[in-house]
Structures are given as structure tokens and as C-alpha cells.
Amino acid sequence: MFKKILIANRGDIAVRVLRACKEIGISTVAVHSEIDSNLMNVLLADESVCIGPNRAMDSYLNISAILSAAELTRVDALHPGVGFLSENSKFAKIVGEHNVKFIGPSPEHISMMGDKIIAKKTIFEFGIPIIPGSKGEVISVQQSIEIAKDIGYPVIFKATNGGGGKGMKIANNEDEIANAFSMAKGEAKTNFNDDNVYMEKYLANPRHIEIQIIADNYGNVVYLGERDCSIQRNHQKLLEESPSPALSKKDREKIGKIVVNAISKMGYVGVGTIEFLYENNEFFFMEMNTRIQVEHSVTEMVTGIDIVKEQIRIAAGEKLSFSQSDVKINGHAIEFRINAEDPQTFIPTPGMITELYFPGGIGVRIDSHVYRGYKIPQYYDSLVAKLIVHGKDREECLARGERALSEIVIEGISTTTELHKKLVQNKEVINGDYNIHWLERNLKNL
Ligand code: MV4
């Protein structure tokens, strides 16, 4: 097992990784920007290194500064967390070349999934269903029209190197193709410095359902059920739950088997998430995330498996300590993302937390890095805390969520807590009757 790990991240996820390290008995090194010297993960770590000025470009994305910190503190592994450099294959490769184990999949698997066309092709070859569309890039309006004739309207153009919904344009008929094609190319160029786009059939009202997998170096691959992340706004997830209210046990087992088979054939090692659009009882591959995700905790609550600890053990060359038949989905879990944002406009509200009380009691988990007197900086994302509640079934879980939300006190800043209180009382949320557009369509009437 590793002796010392550098955590190349900040905030709640850095605390989450640090907790796993402490429980295994691994020393921790925190790296931080200038303003982050009083961050909880820095205070809890055994050692810390300031890696640069506040802008992420100068610190958390500064590869040479992070490598220097790794050499200076003589760590034997590095955990990238989420966001920042966690899906940067070049970073993963350089870390490995410095004799530091990158806690994640191989650079080759990271870059394979980073290119959306290669990802789709690979995933399809290994038997996972994909959305009908162009074979690769579309290069002309004429070609787009030909493909659309085949798959039917509406269609969507997506950036090959895209993500987060940027560079996506819908065409409802042949007349809209030329405009959508050039708009998508323009946005792709602006956002990703690459104007390549591809085309798919547009699914109007799907859910976002993702499968968590974990794979070791010895060919063992296990799926840990799914998460329904459909309640989102502007591609920012707000509430996630497991199991999905839309999925039967039979459907879960069917997609689970397909995913495990594909991941085995790919030779993928580590934790990963295969994201799907789910419509009319059908799964369509969207993307694969090659890192731990923010919402991994809902899966931990229903499976009882510490995914971060398993991730570290796998990177250290250990075998998975459980098999598929050991994995049982127990009850229900919901994660509420408490963000420092206005609950109506979602405009960030950085500033000092002047009063703080987090809920507790049976089935309640808080993953957070903030404390009373902590000042949320303007430079990074706005996640303040994740409230995760677990219950024997969805009904108890929702009631527990409502109870826990009512106990939260966060003063000095606005948070999304108020929105969550409305969500858990909403009839459609209670019925599990929502899709990826539900929040944006219902925000005004909540
Ligand atoms: C789609 C789609 C509908 N049809 N693809 C958004 C982000 C990117 N990763 C993929 N996205 C979508 N792809 C087809 N063929 C709708 C979305 C989409 C979406 C997906 C998941 C979660 C939220 C979303 C919000 C808007 C659009």
C-alpha cells in the first residue's frame, strides 16, 4: 500500500479523499493556492504545499507546480479528485513518468474517453448501445442532410472535443441544418479550439442515468448500480439519487451486465462512470467519466462500499475485495448539492459563512469542507456541502431529506438549500416523474 499520497484538488473532494487515506493509514499532502491556506483539507493534511496564485490556471491546473510539490514531499501516489486535472491524460502520463502512481485509469483510457467520437466507437464495439448518428465527424451540410434523412429529425450536432453541453445545436428539419451545423462548429472552435462536430438523433425528454463501475488489475469488474442525475440546470447537477425511480431490477441487471462486459473487454482499470440518456425504457451511451464523481456518495450509501478507498487500493495493485454477487442495493439514497448560489438565479454568492449548523441523526451524511468563519473564495466552484440521506425506501429517504434540510443553518451567504426544500415537497419529484429538462421547465412554479 502507498505510504504517502498527494491530493491534487481542493474543497469537499479533497477532504473526502483525505478521509479515505487516514482510514487506510496513508499520510497525506495537500496542495493549495494562496487564498486556500485555511481550507479544511489543508488543515487536516499531514503536510501542505502552496502551489501558486489563486487562479486555477496558476495553481490547481499548474502541472509543473504540482509535480514539484510531489517531488519535494516524496509521495508515492497522487489522487486528482474531480475536475481540474482529473481527466487530463497528459497529466496522468507525466505523473507516472515521475514514479508517482496516478490514482486513476491509464492515460490511454483517459484520452480515449476524452475524444467523444472515439469513445462512442469504442463503447459500441464492446456492445454498449449508442445514439444513432454519423459514423464520425460530419464535414458538410450536404452530408448532414443525408444522415438526417436516414436517422430522422430532430438531430443534434455535438463538438468532438466537447463537454458540458457547449457546442450543441439542434436541427428540427432540413431547413435548420445549415445554421445548426455552422453554429455548432463556431462554438466548438471558440470553446475547445477544435471545430470538429458529429451528429446524433436528438432525444427530446430523456433521463440522465449513469452506471458506476469499479475494475481491478486482475480482470475483476463490478457495477455498483446506477444514479439518476436528471435534476440539473445548465448542465450542473443539483440532486442525484440511487436507485433511479425509473428503473426496474430487470432493466438494471441488463444494462449492468452489458456495461461490465464492455469494461472488461476494454481492459479498463479503476473507477468509472458510464453516462446514459434513458428514454422509453432504452439506454443510449452519452459519455464515460474516467474519474471519481461528486455524486459517488449516493452509491456508497446504498451499497455500503467506500468507493474512494477501493479506488486507492486498486491503484496500489490490490484485488477487489468483493464480487458482483456481494453487491446489494440497500434502500434509497439522495444527494442534495448545497451550493453558494442564489436559489433562484444560481448566481454564485461567495463570502463569509457567519453561522453554520449541519444536520445529523440516522441516515444523514454531510460531505463538506466549510466551517463557521470560513470565507468562500470567488475563484472556484460553489459547492459548500453535499447532504446525502439514506432510507429503507424512497419515501423514508425523501422524508429524511426534508427533515435534514430543515435543520441546516448557513448564514452570511445564500445557498441552494431553499430550492431543495421545495423540491422534496414537489409532487413530480415525489413521484419520481422528471427528466433532464424538468428543473428548467418548473423552476418558476416551484
Ligand atoms: C444529447 C441530448 C439529447 N439527444 N444527445 C448534454 C451534455 C452532453 N454531455 C450531452 N448532452 C445531451 N446530449 C442527444 N442525442 C441531450 C443532452 C442534454 C443533457 C444531457 C444530460 C444531462 C442534462 C442535459 C441537459 C441538456 C441536454
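Scoring rules and cut-offs
- Residues numbered from 1 in each chain as written.
- Predicted model: local features only at pLDDT ≥ 70, side-chain atom pairs only at ≥ 80, totals over all residues.
- Heavy atoms only, no water.
- Disulfide = S-S within 2.5 Å.
- Helix = DSSP H or I, 4+ residues; strand = E, 2+ residues; numbered from the N terminus.
- Expected span 1.5 Å × (residues − 1).
- Buried < 20%, exposed > 50% of the residue type's maximum accessible area, 1.4 Å probe, protein only.
- Near = heavy atom within 4 Å.
- Polar contact = N/O pair within 3.5 Å; in protein donor to acceptor, adjacent residues only side chain to side chain.
- Areas by Shrake-Rupley, 256 points an atom, 1.4 Å probe, with all protein chains shown as cover.
- Pairing = 2+ DSSP bridges.
- Axes fitted to C-alpha atoms, helices over the stretch in contact; angles between N-to-C directions.
- Salt bridge = Lys/Arg side-chain N within 4 Å of Asp/Glu carboxyl O.
- Parallel < 35°, antiparallel > 145°, perpendicular 65-115°, else oblique.
- Left-handed = near helix turned anticlockwise from the far one by under 90°.
- Contact = heavy atoms within 4.5 Å.
- Domains from an automatic or database assignment.
- Buried area = accessible area lost by both parts, 1.4 Å probe.
- Nonpolar A, V, L, I, M, F, W, Y, C, P; charged D, E, K, R; others polar.

### Description of the state of the cysteines
Note on terminology: disulfide describes a covalent bond linking the sulfur atoms of two cysteines.
(1) Moving on: What the rule picks out here adds up to zero disulfides.
(2) Moving on: The thiol of Cys-229 is unpaired, and the distance to the nearest cysteine sulfur, on Cys-397, comes to 14 Å.

### Focus: helix H1 (residues 11–24)
(1) Moving on: Between the first and last C-alpha of H1 there are 20 Å, a value that for 14 residues agrees with the 20 Å anticipated at 1.5 Å per step.
(2) Moving on: Counting buried positions over the 14 residues of H1 gives 10, a clear majority of the element.
(3) Moving on: Of the residues flanking the end of H1, it is Gly-25, one or two places downstream, whose phi is positive at about 100°.

### A few points about the site of the ligand
(1) Moving on: The environment of the ligand is formed by 16 residues, the closest being Lys-158, Glu-200, Lys-201, Leu-203 and Glu-287.
(2) Moving on: One of the backbone N or O atoms of Lys-201 is found 2.7 Å from a nitrogen atom in the ligand.
(3) Moving on: A distance of 2.9 Å separates a nitrogen atom of the ligand from a polar backbone atom of Leu-203.
(4) Moving on: In isolation the ligand has 530 Å² of accessible area, and contact with the protein removes 90% of it.
(5) Moving on: Within the residue set of the shell around the ligand, elements represented by two or more residues are strand E6 (155–159), strand E8 (197–201) and strand E13 (282–289).

### Notes on the sheet that holds E6
Within a beta sheet, neighbouring strands are joined by backbone hydrogen bonds and run either parallel or antiparallel to one another.
(1) Moving on: Across the sheet, which stays open at both edges, the three strands sit in the order E7-E6-E8 with antiparallel pairing between neighbours. With one partner strand each, in any of the chains shown, strand E7 (169–171) and E8 form the two edges of the open sheet. In this sheet, adjacent strand axes meet at a mean angle of 25° when their direction is disregarded.

### Comments concerning the pairing of strand E14 (residues 332–339)
(1) Moving on: The buried fraction of E14 amounts to eight of the eight residues, a majority that puts the element mostly inside the structure.
(2) Moving on: What you see with E14 is no split at all: His-332, Ile-334, Phe-336 and Ile-338 on one side and Ala-333, Glu-335, Arg-337 and Asn-339 on the other are buried throughout.
(3) Moving on: Here four bridges tie strand E11 (residues 236–242) to E14, and the two strands are oriented antiparallel to one another. Residue pairing in the sheet places Glu-241 in a bridge with Ile-334 of E14.
(4) Moving on: Relative to strand E19 (residues 383–391), E14 is paired through eight bridges, and the arrangement is antiparallel. Paired with Phe-336 across the strands is Leu-387, a residue of E19.

### Some points on the pattern of salt bridges
(1) Moving on: Tallied over the entire structure, the rule returns 34 salt bridges.
(2) Moving on: Residue Glu-97 is joined to Lys-93 by a salt bridge in which the shortest nitrogen-to-oxygen separation is 3.1 Å. In this pair, Glu-97 and Lys-93 are both assigned in helix H4 (residues 89–97), four residues apart and thus about one turn of the helix distant.
(3) Moving on: Residue classification places Glu-97 among the exposed positions, given a relative accessible area of 52%.
(4) Moving on: When its relative accessible area of 45% is taken as the criterion, Lys-93 is described as partly exposed.
(5) Moving on: Measuring nitrogen to oxygen at the nearest pair gives 3.1 Å for the salt bridge that ties Glu-253 to Lys-249.

### Considerations on the packing of H1 against helix H11 (residues 307–315)
(1) Moving on: Relative to each other, H1 and H11 sit at 65°, their axes nearing to 9 Å. Between H1 and H11, the interaxial angle falls into the category roughly perpendicular. The crossing of H1 and H11 is right-handed. Here Arg-16, Val-17, Ala-20, Cys-21, Glu-23 and Ile-24 of H1 come into contact with H11, specifically with Ile-307, Val-308, Lys-309 and Ile-312.

### Focus on the domain arrangement of the chain
Put simply, an interface is often sized by how much accessible area is lost when its parts join up.
(1) Moving on: Each domain of the chain was delimited in the assignment, giving domain 1 (4–103), domain 2 (132–201) and domain 3 (207–442).
(2) Moving on: Domain 1 and domain 3 are separated by 23 Å when their C-alpha centres are compared.
(3) Moving on: Each partner contributes to the interface: domain 1 provides 35 residues, whereas domain 3 provides 28 residues.
(4) Moving on: With both sides pooled, the region where domain 1 packs onto domain 3 buries about 2400 Å², and carbon together with sulfur makes up 61% of that total.
(5) Moving on: Interface area lost by domain 1 to domain 3 is led by Asp-12, Arg-16 and Glu-87, which between them contribute 26%.
(6) Moving on: For the pair domain 1 and domain 3, the number of links is four salt bridges.
(7) Moving on: Our count for the contact surface shared by domain 1 and domain 3 stands at 12 residue pairs in polar contact (both at pLDDT 80 or more).
(8) Moving on: When contributions to the side of domain 1 that touches domain 3 are tallied by element, the ones reaching two or more residues are H1 and helix H2 (40–44).
(9) Moving on: Top element by residues in the side of domain 1 that touches domain 3 is H1. It accounts for 11 residues.
(10) Moving on: Among the residues making up the side of domain 1 that touches domain 3, the classes are represented as 17 nonpolar, nine polar and nine charged.

### Describing the environment of Gln-425
(1) Moving on: When you line up the elements, Gln-425 lands in the loop between helix H13 (417–423) and helix H14 (427–430).
(2) Moving on: With relative accessibility at 52%, the residue Gln-425 sits in the exposed group.
(3) Moving on: With 23 residues separating them along the chain, Gln-425 and Glu-402 place their C-alpha atoms 7.9 Å apart.
(4) Moving on: Beyond its immediate stretch of four places on either side in the chain, Gln-425 contacts Glu-402 and Ile-430.
(5) Moving on: At a separation of 2.9 Å, a polar atom in the side chain of Gln-425 contacts the side chain of Glu-402.

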